[in-house]
Amino acid sequence: MNAARTLILAILALATALATGCRPSVEPRFDAVPGPVRTVDIAIAAAEEPQPLAPEEWAAVDAAHDRYLVDFDRVRAEVLAPLVQAVRADRTQAWMKDGAALARLARRHAA
């Protein structure tokens, strides 16, 4: 039960961080790489739980978050950064209105 609760808490923290980080701006940005979910975001989500996490639950969350950060850095370097470079290289941004160009861009940078 504790492992399931920990997993649910981690998923909720990730979803909360992604939802708050994806607020639309006046102009969409396709040239910025987002940061990873921070430890403080997980702690904030945990603070909203009716029962505090036990030390072993925090250890599990912390270990999962460490793995996530390593994976995030790899994805940022191998997938996101090349995508950002491709978007920045096309100054016309005509591809934003071209469905075929968007599909090619998605295929080229799919993980």
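The preceding data block contains the structure.
Just so you know, these numbers come straight off a predicted model, no measurement behind them. (Residues numbered from 1 in each chain as written. Predicted model: local features only at pLDDT ≥ 70, side-chain atom pairs only at ≥ 80, totals over all residues. Heavy atoms only, no water.)

**Things to note about the overall build of the protein chain**
Step number 1: Each helix and strand counted, the protein chain has four helices and zero strands in total.
Step number 2: The order of α-helices and β-strands along the protein chain, N terminus first, is α-α-α-α.
Step number 3: Taken over 111 residues, the protein chain has a buried fraction of 19%.
Step number 4: Expressed as a percentage of contacts within the protein chain between residues at least 6 apart in sequence, the contacts between residues at least 24 apart total 70%. (Helix = DSSP H or I, 4+ residues; strand = E, 2+ residues; numbered from the N terminus. Buried < 20%, exposed > 50% of the residue type's maximum accessible area, 1.4 Å probe, protein only. Contact = heavy atoms within 4.5 Å.)

**Re the packing of helix H2 (residues 39–47) against helix H3 (residues 55–89)**
Step number 1: Contact geometry of H2 with H3 gives a least axis separation of 11 Å together with a crossing angle of 150 degrees. Here the hand of the crossing between H2 and H3 comes out right-handed. Residues Thr39, Ile42, Ala43 and Ala46 of H2 form the contact with H3, whose participating residues are Trp58, Val61 and His65.
Step number 2: Classifying every residue of the contact of H2 with H3 by side-chain character gives five nonpolar, two polar and no charged. (Axes fitted to C-alpha atoms, helices over the stretch in contact; angles between N-to-C directions. Left-handed = near helix turned anticlockwise from the far one by under 90°. Nonpolar A, V, L, I, M, F, W, Y, C, P; charged D, E, K, R; others polar.)

**A look at H2**
Step number 1: Restricting attention to buried positions, one finds in H2 the residues Asp41, Ile42, Ala45 and Ala46. Summarising the axial view, the buried residues of H2 lie within an arc of 135 degrees, below the 170-degree limit, and thus occupy one face. (Arc of directions from axis to C-beta.)

**Remarks on H3**
The periodicity of an α-helix, 3.6 residues per turn, causes residues three or four positions apart to be oriented the same way.
Step number 1: Given a rise of 1.5 Å per residue, 35 residues ought to cover 51 Å, and the 48 Å separating the end C-alpha atoms of H3 matches this to within 8%.
Step number 2: The principal kink in H3, of about 45 degrees, is found at arginine 76.
Step number 3: Among the residues making up H3, those that are buried are Glu57, Val61, His65, Phe72, Val79, Val84 and Val87. (Expected span 1.5 Å × (residues − 1). Bend = angle between axes of the 7 residues up to and from the residue.)

**Concerning the packing of aromatic side chains**
Step number 1: For the coordinates displayed, the defined rule picks out one aromatic pair.
Step number 2: On the basis of an interplanar angle of 50 degrees and a centroid distance of 5.9 Å, the ring pair of tyrosine 68 and phenylalanine 72 is categorised as tilted. Note that tyrosine 68 and phenylalanine 72 are positioned in helix H3 at a spacing of four residues, about one turn of the helix. (Phe/Tyr/Trp six-rings, centres within 6.5 Å; stacked < 30°, edge-to-face > 60°.)

**Description of the pattern of salt bridges**
Step number 1: Per the counting criterion, the structure on display carries three salt bridges.
Step number 2: We note a salt bridge from arginine 38 to aspartate 41, for which the minimum N-O separation is 2.9 Å.
Step number 3: The partly exposed category is assigned to arginine 38, whose relative accessible area is 49%.
Step number 4: Linking arginine 74 and glutamate 78 is a salt bridge whose minimum nitrogen-to-oxygen distance equals 3.6 Å. Here arginine 74 pairs with glutamate 78, and both are found in helix H3, just four residues apart, close to one helical turn.
Step number 5: On the basis of relative accessible area, arginine 74 is assigned to the partly exposed category, the value being 41%.
Step number 6: What makes glutamate 78 exposed here is its relative accessible area of 52%. (Salt bridge = Lys/Arg side-chain N within 4 Å of Asp/Glu carboxyl O.)

Any link to function would need more than the numbers given here.
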